[in-house]
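Here's the letter readout for the chains.
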Amino acid sequence: MSARNDVAPSTLGVELLDIGVEVEYLDGRKTLYRGVPRKHSGPLRTGPGKETHVLVTDPTETEGVMMYVNDLKTHDDILDDSGVGRIILGDGEAEEVFPGVVVRRVGGMRTEVEADPEVARGRVFVFVEDDWGEESVELVSEA
């Protein structure tokens with residue numbers, strides 16, 4: 001029942017909509033990350049203390065895996081039931097959470113996500129949120 005363990009993700013349903021990205025959890029619940037994700041090339045660095053969720057779709061864009069980064073609120077059993085994974089990183093630590101997707105804790109309670117969509121073999125989305133708002137970003141290859 002800890003809220004500080006790494007948890008492996010499961011495959012979730014994904015639907016790309018004109019109003020955002022919908023994720024269907026293993027327990028049947030759905031959530032909509034609102035807004036068409038803005039495209040970003042290169043590493044994405046979040047603001048301090050923001051919740052960071054990383055979603056990588058399969059090539060069909062109908063399934064994917066999701067990781068919460070440094071989430072200390074959600075208990076393991078809830079993550080297990082939903083199929084969402086979690087990684088806990090200390091300052092200065094980095095880990096490849098999916099092939100081609102590296103997450104770093106860069107200090108100041110900031111997270112950096114870097115992705116190579118070609119290696120990931122799907123689309124890579126990062127959802128950044130707090131009590132005041134949410135942002136949807138798609139990491140793309142540099143042009």
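Above this text is the structure in question.
Mind showing me how you'd approach unusual backbone geometry here?
If a residue is not glycine, its phi is most likely negative; likewise, a peptide bond is most likely trans. Notably, E61 is not glycine yet its phi reads approximately 65 degrees, a positive angle. You can see E61 is positioned in the loop between β6 (51-57) and β7 (63-69). A relative accessible area of 28% places E61 in the partly exposed class. Unusually for a residue other than glycine, R121 sits at a positive phi of about 65 degrees. By the element assignment, R121 lies in the loop between α2 (117-120) and β12 (124-130).

Would you take a moment to explain the layout of surface pockets for this structure?
One water molecule sets the probe size; rolling that probe over the atoms shows where empty space is left. There is about 290 Å³ of room inside the largest pocket. Around the largest pocket, the lining is made up of 17 residues, and of these G49, K50, E51, N70 and K73 lie nearest the centre. Sorting the residues of the lining of the largest pocket by element identifies β6, β7 and β12 as the ones contributing at least two each. For the lining of the largest pocket, the element with the most residues is β6, which contributes three residues.

Help me understand the pairing of strand β2 (residues 20-24), please; the structure alone is not making it clear to me.
Successive side chains on a regular strand alternate, one facing one side of the sheet and the next facing the other. Extensive coverage of β2 is indicated by the burial of four of its five residues. The hairpin formed by strand β1 (residues 12-17) and β2 contains two residues between the paired strands. The pairing of β2 with strand β3 (residues 30-34) spans five bridges and is classified as antiparallel. Paired with V21 across the two strands is Y33, which belongs to β3. Here β2 folds back onto β3 in antiparallel fashion, the turn holding five residues, of which G28 has a positive phi close to 95 degrees.

Any chance you could explain the nonpolar core here in plain terms?
By size, the foremost hydrophobic cluster in this structure holds 20 residues, and its most contacted members are V54, V56, F98, V101 and L139. Elements supplying a minimum of two residues to this core: β6, β7, β9 (94-98), β10 (101-107), β11 (110-115), β12 and β13 (133-140). For V54, the residues in contact, after removing those within four places along its chain, are V65, M66, M67, V69, F98, V101, V103, V113 and F125.

Cut-offs used in this document
- Residues numbered from 1 in each chain as written.
- Predicted model: local features only at pLDDT ≥ 70, side-chain atom pairs only at ≥ 80, totals over all residues.
- Heavy atoms only, no water.
- Helix = DSSP H or I, 4+ residues; strand = E, 2+ residues; numbered from the N terminus.
- Buried < 20%, exposed > 50% of the residue type's maximum accessible area, 1.4 Å probe, protein only.
- 1 Å grid on protein atoms, 1.4 Å probe; cavity = no way out; pocket = protein on both sides within 12 Å on 5 of 7 lines; lining within 4 Å.
- Points joined across faces, edges and corners; volume = space filled by probe spheres on them.
- Pairing = 2+ DSSP bridges.
- Core = buried A, V, L, I, M, F, W, Y, C linked by side-chain atoms within 4.5 Å.
- Contact = heavy atoms within 4.5 Å.

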